[in-house]
Structure formats: C-alpha cells, structure tokens
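# Geometric and topological summary
What follows is the residue order along each chain.
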Amino acid sequence: MAIPGLQQYALRAMTGIYSATALPPHGAVQWSRGESPYVVSHGILSCPMRFFIILAAVGGALAAPSSAAPATANGKPYHMPLDWTPFGFTTSDTIHIGSPPQRIDSFVDWTWIGQYVFTPRCHGSMSQTSRCLQPDQVLFNQTKSVSFVNQSRLYPDRNWNPNHFFFYDDLSVGYGSDIQRVGHHVSRNTLMMADMHFKLNFAFPFAGVYGLSPVFVGQDNASTQSPFYQMWKKGAYPSPIISFQYCYNSTFGNPAPKRSRCNNHDGLQTLGGISPALKSQPGGTKSVLWYDNILFPLVNDVDFVYDPPLYNYWATRVTKHLIGDEEQVLNKTCGGNPGAIFDHASYGVGVPMSVNSYKRLIELTGGQHIELDQKDYPNNGNQTFVSVDCGRVSSFPPVKYQFEGHDHIWEVIPENYVEKLTLAGKADPTCVLNVRTLGEGSFVVGNFGGTFAKDKVVLFDYQKMKVGLADMPAA
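So, here's what we can say about the structure. All values reported here derive from a predicted model rather than from experimental measurement.

### Let's talk about the overall build of the protein
- Of the regular secondary structure elements, the protein holds 8 helices and 30 strands.
- When the 475 residues of the protein are sorted by exposure, 60% land in the buried category.

### Some points on the sheet that holds strand β21 (residues 368-370)
- One open sheet accounts for 4 strands, arranged β21-β22-β26-β25; its pairing is antiparallel. Unpaired on one side and paired on the other, β21 and β25 (418-421) mark the two borders of the sheet. Looking at each pair of strands side by side, their axes are set apart by 45° on average, direction ignored.
- Across 3 bridges, the pairing between β21 and strand β22 (residues 385-388) is antiparallel. Following the sheet pairing, Q368 is matched in β22 by S387.

### Things to note about the side chain of K400
- Among the structural elements, K400 can be located in strand β23 (residues 399-403).
- Leave out the neighbours within four places in its chain, and K400 touches K320, H321, L322, G324, D325, I409, W410 and E411.

### Regarding the nonpolar core
- Counting 64 residues, the largest nonpolar core has L271, F342, Y401, F403 and L433 as the members making the most contacts within it.
- Among the elements that take part in this core, helix α3 (residues 227-233) stands out by supplying 4 residues, more than any other.
- Here F403 is in contact with Y291, T316, R317, V318, T319, A340, W410, F448, F452 and L469, once residues within four sequence places are set aside.
- By size, the runner-up hydrophobic cluster in this structure holds 46 residues, among which are L171, L295, Y306 and M465.

### Re the state of the cysteines
- One pass over the full model with this rule turns up 3 disulfides.
- In this model, C122 is linked to C132 through a disulfide, with the two sulfur atoms separated by 1.9 Å. The disulfide joining C122 to C132 has a torsion of about 65° about its S-S bond and is therefore right-handed. Here the residue C122 occupies a position in the loop between β8 (115-117) and β9 (149-150), and C132 occupies one in the loop between β8 and β9, the gap between them amounting to 10 residues.
- With a relative accessible area of 0%, C122 lands in the buried category.
- Overall, C132 belongs to the buried group, its relative accessible area being 1%.
- Each sulfur in the disulfide pair C247 and C262 lies 2.1 Å from the other.

### Let's talk about the pattern of salt bridges
- Counted according to the given criterion, the structure contains 12 salt bridges.
- We note a salt bridge from R259 to D266, for which the minimum N-O separation is 2.4 Å.
- In this structure R259 comes out as partly exposed when scored by relative accessible area, which is 33%.
- Two residues, D292 and K466, come together in a salt bridge whose shortest N-O distance is 2.4 Å. You can see D292 sitting in strand β16 (residues 289-292) and its partner K466 sitting in strand β30 (residues 466-471), a full 174 residues away along the chain.
- A residue is classified by how much of its surface remains accessible, and K466, at 24% relative accessible area, is partly exposed.

### Looking at the pairing of β22
- Burial of β22 is two-sided: the residues F385 and S387 facing one way and the residues V386 and V388 facing the other way are all buried.
- With 2 bridges joining them, β22 and strand β26 (residues 430-433) adopt antiparallel strand pairing. Paired with V388 across the bridge in β26 is C431.

### Concerning the packing of aromatic side chains
- On inspection of all chains with the given rule, the structure shows 43 aromatic pairs.
- Aromatic pair F87 and F206: ring centres 5.5 Å apart, planes at 85°, arrangement edge-to-face. With a gap of 119 residues between them, F87 in the loop between β3 (78-85) and β4 (88-91) and F206 in the loop between β12 (185-194) and β13 (208-211) connect regions that are remote in the sequence.
- With relative accessibility at 7%, the residue F87 sits in the buried group.
- Residue F206 is classed as buried on the basis of its relative accessible area, which comes to 2%.
- The aromatic ring of Y347 is capped on one face by R436, whose charged end is 4.3 Å from the ring centroid.
- A cation sits over an aromatic face here: K456 above F452, 4.4 Å from the ring centre.

### Let's talk about the environment of W314
- Checked against the element boundaries, W314 lands in the loop between α5 (299-302) and β17 (315-323).
- A relative accessible area of 0% means that W314 is categorised as buried.
- For W314 and F342, which are 28 residues apart along the polypeptide, the C-alpha to C-alpha distance reads 5.6 Å.
- Within the local environment of W314, its side chain forms a polar contact with the backbone oxygen of L212, the two atoms lying 2.7 Å apart.

### What about unusual backbone geometry?
- Cis rather than trans, the peptide bond between S99 and P100 has omega equal to 0°.
- Residue N161 is joined to P162 through a cis peptide bond whose omega torsion reads 5°.
- Positionally, P162 belongs in the loop between β10 (158-160) and β11 (171-182).
- Of note in this structure, D93 is not a glycine but carries a positive phi near 55°.
- Summarising the element assignment, D93 is placed in the loop between β4 and β5 (95-97).
- Classification of D93 by relative accessible area gives partly exposed; the value is 44%.

Rules used in this analysis
Residues numbered from 1 in each chain as written. Predicted model: local features only at pLDDT ≥ 70, side-chain atom pairs only at ≥ 80, totals over all residues. Heavy atoms only, no water. Helix = DSSP H or I, 4+ residues; strand = E, 2+ residues; numbered from the N terminus. Buried < 20%, exposed > 50% of the residue type's maximum accessible area, 1.4 Å probe, protein only. Pairing = 2+ DSSP bridges. Axes fitted to C-alpha atoms, helices over the stretch in contact; angles between N-to-C directions. Contact = heavy atoms within 4.5 Å. Core = buried A, V, L, I, M, F, W, Y, C linked by side-chain atoms within 4.5 Å. Disulfide = S-S within 2.5 Å. Salt bridge = Lys/Arg side-chain N within 4 Å of Asp/Glu carboxyl O. Phe/Tyr/Trp six-rings, centres within 6.5 Å; stacked < 30°, edge-to-face > 60°. Lys NZ or Arg CZ within 6 Å of the ring centre and 35° of its normal. Polar contact = N/O pair within 3.5 Å; in protein donor to acceptor, adjacent residues only side chain to side chain.

Next up, the structure:
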C-alpha cells in the first residue's frame, strides 16, 4: 500500500475504524507463486478442477528444521491478557525476546504464521533505520542481544506483495532465533525479522505480531510455525490447546462476561490449556464441540490476499446459515460447503453474512440505509450500513450457524450484532446492523471473530488440528 494509504490507516487507527484498503496485520501456508485457482465471471465465483489438484499438493517450505533447543516450562498454561485497541487485540509486557530481555508488546493474531518483529533493518541495511521507521517505533534490536543467532542460511528471506500488513508495499522478512519469554515460559524460537522497504509515516504502538496460525502436516521447519507451536513442541507448555475468552461491555444490558473474569482485561488468550471460564465450571470442558480444521484456498481470493499466497488459517465448514429459523442459501460450488475462518482481529468484527442473507436481515429488521462517517463505521467490510429501531432490537431474530461435524446450532443474538453508535449532532444513540459480508450472492466464506465469540469460548488444538467451540459459562 502506498504512503497515502498508510496515512489513511493511521487516521483510522486513531479513530478506531478501518477500511478494506487500510487494515491491521493479518496473515496465513506458503504456496508456490502462480495463477489463482479461482475465477470470477459476471460476478459469479467458480472453481476449476485445478483447485482439487492444488489441495493435494500443500506442504511446508523447503528448509531444514532448526535445532530444538530445550525450553523452560512451569507445567501450567499461561493466561495471556489481551486489551482491545483500534488495531485489534494486543498484549503488553508479556513477551520478551533476547538477552538481556527486550520487551516486545505485540498484536495477537490467529491468522499470522510466526513471531514478527520490527527491527532496525531497512533496505537490507542495519544502519539506515531512519529511512524506514519513525524514531518512536518500538522494535527488537538484535544487535543488543548476545543470544541472537542469524538464520539467513537456514531460511531465505521472504517477501509478500500484496499482503495484509502493508498491502501494496513489501512485507519482507529475514529469519533469526533468540530466547523468547512469554509469561514464565521460555524457549529459543525462530523469529520473522522485518526488513522494511519503504517509509512508515507513523509508529505502530507495538513491536511485533504474535501469530497463532495452525501448522499443517509437512511444515516441519520453524519459519512457518507460530511461536506457541514452537514452544509447545519443545515442552514449554503442558498442552497443544489454546483458548480465547472475551470480556466485553454489554451494549443493551444483556448478560456479558465481567472484566474480572479476564483479570480486568478485555480478553484472555490461554496458551497451553483450557480457558479459566471453562475450567472453573464442573464438566465445563465436556461442553466443547470439536471440529476438523480444514484448508480453504478461496480465502486468498476474497478475504486475505497475499502473493505468494498464504493459507495457515483456523477454519471449518459451514453446513447451515440461518436467520431465526429461516435457512439461507449456501454457495457449495468451491469444493464443498462454505468456509468459516476464525479471526478475532478487525476482520472478525461484524457478524459474518452473505450479501443475500444481509439483504434478508435488513428486510426482517426494517433496516434503513444510513450514511456514516468512516470514523463511525462499525466494521471494515465493503457493504453499506443500515440503521434499525433501537427499541425493537430484542425482537430481532438471531443469526445462526451450523458447522460440519456436529448438529449443534451456534447463535449470535441481536444484542451482539446491533451496534449502538453516538453520532455527532444527534442526541439519541443510533442503532446499526454490525454485519460484515464477503464475496457475492450466497454464503461462501465468512470471518468468525469478536462479534461471533462474545458469548463463546474459542479453542484451537495444534496436535489434533481441531477448532473447538463452547458457550461461555455463566458467572
């Protein structure tokens, strides 16, 4: 993305909104460069047979695995505190890298493949930092760590353009390893070391991205492995499971998890175990429904666009999509049922719907088109927004989903998909449908994040490659 786009992004970061051209970091398996397996003709998505051939060819990058240095474990999971910011969920003073340790506050992202860190490196040089970064940009300085090991011979530098960090400016990284501390868990991990190729005209309020993408079979080298996965494989955590619970503010007075359940933060990302909300309830872990994680290539064409493509996503298939008890049409032309991509960053804000099901929800709720300033957009989707009667919200139908593997229906209640906005010049709040659409026509893919997860616990199992869901237990 060009510098004017970054200026636009910085403004939106301050105001708390984004658009499709300016979004916080996202990511995902390295695929070979080539033509997309999807084509769009007359607004209709179709999938040639090459799609099925590509599915059988997915594998890891062709680099040797790094040595598995021993890790320090305390036998317990770590409940990483999360705070919601205009960029998404971030964690502060929980991650440290190097010797002596450098504090690496990070954006926490289910859709990124490693621990990305800003570094002094700019245009391949360690001495030209000011050409790329603002003076107040926090970063990891590898020259100040006595334990840093350069891994450029093990893993070649990589570059993505476009990407979901900087869009049409290069996302370029080299590789190195160092001692990483996450809470009280410690191991030597491979890091993605930024090499900036352009000038950032603002400073991010964090030094890196803590990625939590899945690791598919065959990706046996650390350059495509999340830092949690690396630590778990070295014995730092007692379990391959991570869990997320959200403590949000109730908009309409409906029951919501108190912040005290997240240790007075907005969320908890539990690493190496089950979230405390489930652990505290008798039989709580038995309530989890587990779904097979799938590879869903369409995501790189209509959702997160990278070149070369990346596909490490926590995902499952949608078998039913309903508004109330009214079943909506699914697009099954791309290798089966539609995809559900789990992402609790900005792309996961808004209940995921198709263009057609959104139109139907507007009809059922009596929605009226509304023009909003960008700073007031409830999410960053390309769809338009509609206002609804705040007094009728409780009578609106829930939006529902069924995922492949279980008959259970998961609901998003109207109090969670309607956003109450305070608009300039208006004395009373304005209620807006917080819906985010992708693709054309019927449901083909959706991002399931904060809006979907408000009253749920979301779990990922790196060993069994499963996505888990449970209702958030009552306090």
